[in-house]
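Each chain is listed here by its residues.
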Amino acid sequence: MILVIAEKPSVAQTIAAVLGAKEKKDGFLTGSGYIVSWCVGHLVGLSEAAAYGEQYKKWSYDSLPILPQEWKYTVSADKEKQFKTLKELMHRADVSEVVNACDAGREGELIFRFVYEMAGCKKPMRRLWISSMEDSAIKEGFSRLKNGEEYDALFASALCRAKADWLIGINATRLFSVLYNHTLNVGRVQTPTLKMLVDRDAAITTFKKEKYYHVRLTLSDAEAASEKLSDRSEADRLKAACEASKAVCTSLVKEKKTVAPPKLFDLTSLQREANRLFGYTAKQTLDLAQALYEKRLLTYPRTDSAFLTDDMGDTAAGIIKLLCGKFSFMAGKDFTPELGKVLNSKKVSDHHAIIPTMELAKTDLAALPESERNILTLAGARLLFAAAEPHIFDAVTAVFSCADTEFTAKGKTVLCDGWKELERRYRATLKGKPDAEGDEENERILDVPTFAEGQSFDSPAARVTAHDTQPPKPHTEASLLSAMERAGSTDTDPAAERKGLGTPATRAAVIEKLVKSGFVQRKGKQLIPTKNGNNLVCVLPDTLTSPQLTAEWENALTQIARGAAEPEDFMRGIEEMARELVKAYPFLSENQKDLFKEEQTVIGKCPRCGGNVC
């Protein structure tokens, strides 16, 4: 018998159906020479600090730093039954080998190996590595199973990441919580993320609004505007001077511009767009995409790739043809995809971009919950946009001289609508119809032949418009996800598996943890740091609030995953960092200690002593 272990029950059921393991048992399915079971996410994890001795049960400065010499592992309290099932299955006499069918990536490798090692399994191990839950993908994956040892380096990098996060997270959290007498969760990813929110909030708070003015000339069917003027009286003087002068066209530039179609979705860009269009949080989008993946309607969502592999041309063509017939907004549209734009194996890491699957052919979209339908349609629409023609237009810039001042009129003439037409069709189906990001449609369309160099207008009509400088906008999940994705990227090895803060799969959980810990609050779509959030960023060292640390770690982990660096060297550096952190903060002043003290509301006076009652 071959034992197959998936990450989740729903995935195991899909695999079992393909393998013919139809007989249901308690905690697994069996049949056709296979036993298929599952992990239920992280079944086994690194033990809490208290597992290393009595002295660590109570948080104290004297017990820091905590640096385990022999690492301990613990089965999640609510998942012991499933671990027991897996351990029994691994040790069954008729099981000859084990297939790791957990999600294909660093964390999936970690989840399986922790269970395999804690169960004391020594049986041969092979690896299933797939990006789609379609029957054909599962069959193909099982026809080319890899030897599990080929992924030892990937497991080593995953284990180093887990241990490093434990060492810095546990020691920094205990250190600052003990110093300030308040639970302060500190993490390599969440703390720099909080810093970005705090910085944005500070920029908004300290922003000083300033007035500025434009003088605008009406010339034929167009309007030409001056540069910004800071003084109203100066603007009024210019207006009067223009109305008594002549405006002459000194320059007319016509430039052909091309706007390439957007790339396919990776998880982060899908989360950003779903937040912008539907207001979904990053976690909601991940959960919806995961549900669609488990229904076999969407490919693997936890990806950071925005391309398909070179051998997926026929697959993409088939799905596009299906989408054209399935989506109402494509009705009557003659569409020939340019598939070369979406194929690039060199830019695909563990998994290709997120696209719908052929399972959609058998699915009634209207029968899906609205939120799932929105995500599936969005992913399908993006595939259509990405394979469409570019948007091409003539950008026109006309410069006029009037009263010794330059005025500029801008516009565009569309030559080929391309993918923008598909985007407009799709947006017309949405409730609320949000504006397209970076849309140039708002620019006044300037009819190119209207002007000629040297053309003049006597006593043009002029007006003054007043404006205010605008503060930066508070972060939404969409803008924060973009910032997390870019953070520290310039310092990260271009070939690193992960860039930015967190991974596409973990960014949503980081945001949720900041909200749950009371460091951030949601106001509509906006994410605003709380008083405690602001204070935490102020008291932590730059090492922990800068994305630089993550960039350094990811560079090292990339080398470990390739077998080009030793895990022991990396871990020695992390332990030294934990020691230095504790040494740097031996005590606080009395004023500093009260920084996170709860402000109690006075509800009245005590009738006996006259003191405040809180």
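Our structure is the block above this text.
Residues numbered from 1 in each chain as written. Predicted model: local features only at pLDDT ≥ 70, side-chain atom pairs only at ≥ 80, totals over all residues. Heavy atoms only, no water.

Draft legend 1. Layout of the state of the cysteines. In the structure shown here, the tally under the stated rule is zero disulfides. Cysteine 102 supplies the cysteine sulfur nearest to cysteine 160, a cysteine that is in no disulfide, at a spacing of 20 Å. (Disulfide = S-S within 2.5 Å.)

Draft legend 2. A look at the sheet that holds strand β2 (residues 23–25). The mixed open sheet is built from seven strands, whose spatial order is β2-β3-β4-β1-β7-β8-β9. Since the sheet does not close on itself, it has two edges, and those belong to β2 and β9 (146–147), each with one partner. Note: strand β8 (residues 125–127) against β9, two bridges, orientation antiparallel. Pairing of arginine 126 across the sheet is with asparagine 147, part of β9. Contacts from helix α1 (residues 9–19) reach β1 (2–6), β3 (28–31), β4 (34–38) and β7 (97–101) within the one sheet, and its direction differs from that of β4 by about 165°. (Pairing = 2+ DSSP bridges. Helix = DSSP H or I, 4+ residues; strand = E, 2+ residues; numbered from the N terminus. Contact = heavy atoms within 4.5 Å. Axes fitted to C-alpha atoms, helices over the stretch in contact; angles between N-to-C directions.)

Draft legend 3. A look at the pairing of strand β10 (residues 211–219). Across the nine residues that make up β10, a large majority, seven, are buried. Bridge analysis of β10 against strand β11 (residues 222–225) gives four bridges, and the strand direction is antiparallel. Within β11, the residue paired with leucine 219 across the bridge is alanine 222. Hairpin connection between β10 and β11: a loop of two residues separates the two successive antiparallel strands, and serine 220 in this loop has a positive phi of roughly 55°. (Buried < 20%, exposed > 50% of the residue type's maximum accessible area, 1.4 Å probe, protein only.)

Draft legend 4. How the structure looks around the nonpolar core. Among the nonpolar cores identified, the biggest contains 85 residues, and Trp166, Phe176, Leu544 and Phe570 are the most heavily contacted of them. The greatest single-element share of this core, amounting to 15 residues, is contributed by helix α5 (residues 152–180). The contact partners of tryptophan 166, leaving out residues within four places of it in the chain, are Leu46, Ser47, Glu48, Ala49, Tyr52, Ile66, Pro68, Trp71 and Asn171. With 48 residues, the next largest nonpolar core counts Leu286, Ile320, Leu322 and Val342 among its residues. (Core = buried A, V, L, I, M, F, W, Y, C linked by side-chain atoms within 4.5 Å.)

Draft legend 5. Focus on the environment of lysine 25. On the secondary structure map, lysine 25 appears in strand β2. Along the backbone, lysine 25 and glutamine 470 are 445 residues apart, and their C-alpha atoms lie at a distance of 63 Å. Only 3.1 Å separates the side chain of lysine 25 from the side chain of glutamate 23, close enough to count as a polar contact. (Polar contact = N/O pair within 3.5 Å; in protein donor to acceptor, adjacent residues only side chain to side chain.)

Draft legend 6. Up close: the pattern of salt bridges. One pass over the full model with this rule turns up 41 salt bridges. Here lysine 583 and glutamate 580 are joined by a salt bridge, their closest N and O atoms 3.5 Å apart. Of the two residues, lysine 583 and glutamate 580 are both situated in helix α18 (residues 567–584); the distance of three residues between them amounts to about one turn of the helix. A relative accessible area of 58% places lysine 583 in the exposed class. Classification of glutamate 580 by relative accessible area gives partly exposed; the value is 38%. Bridged by salt links that share partners, the residues Glu107, Arg161, Asp165 and Arg188 form one connected network. (Salt bridge = Lys/Arg side-chain N within 4 Å of Asp/Glu carboxyl O.)

Draft legend 7. Quick look at unusual backbone geometry. Residue proline 65 is reached from leucine 64 by a cis peptide bond, and omega for that bond is 0°. Phi is positive for asparagine 181, which is not a glycine, with a value near 55°. Note that asparagine 181 resides in the loop between α5 and α6 (190–205). Given a relative accessible area of 71%, asparagine 181 falls into the exposed group. Positive phi is not limited to glycine here, since serine 459 has a value of about 40°. Along the polypeptide, serine 459 turns up in the loop between β15 (456–458) and β16 (461–468).

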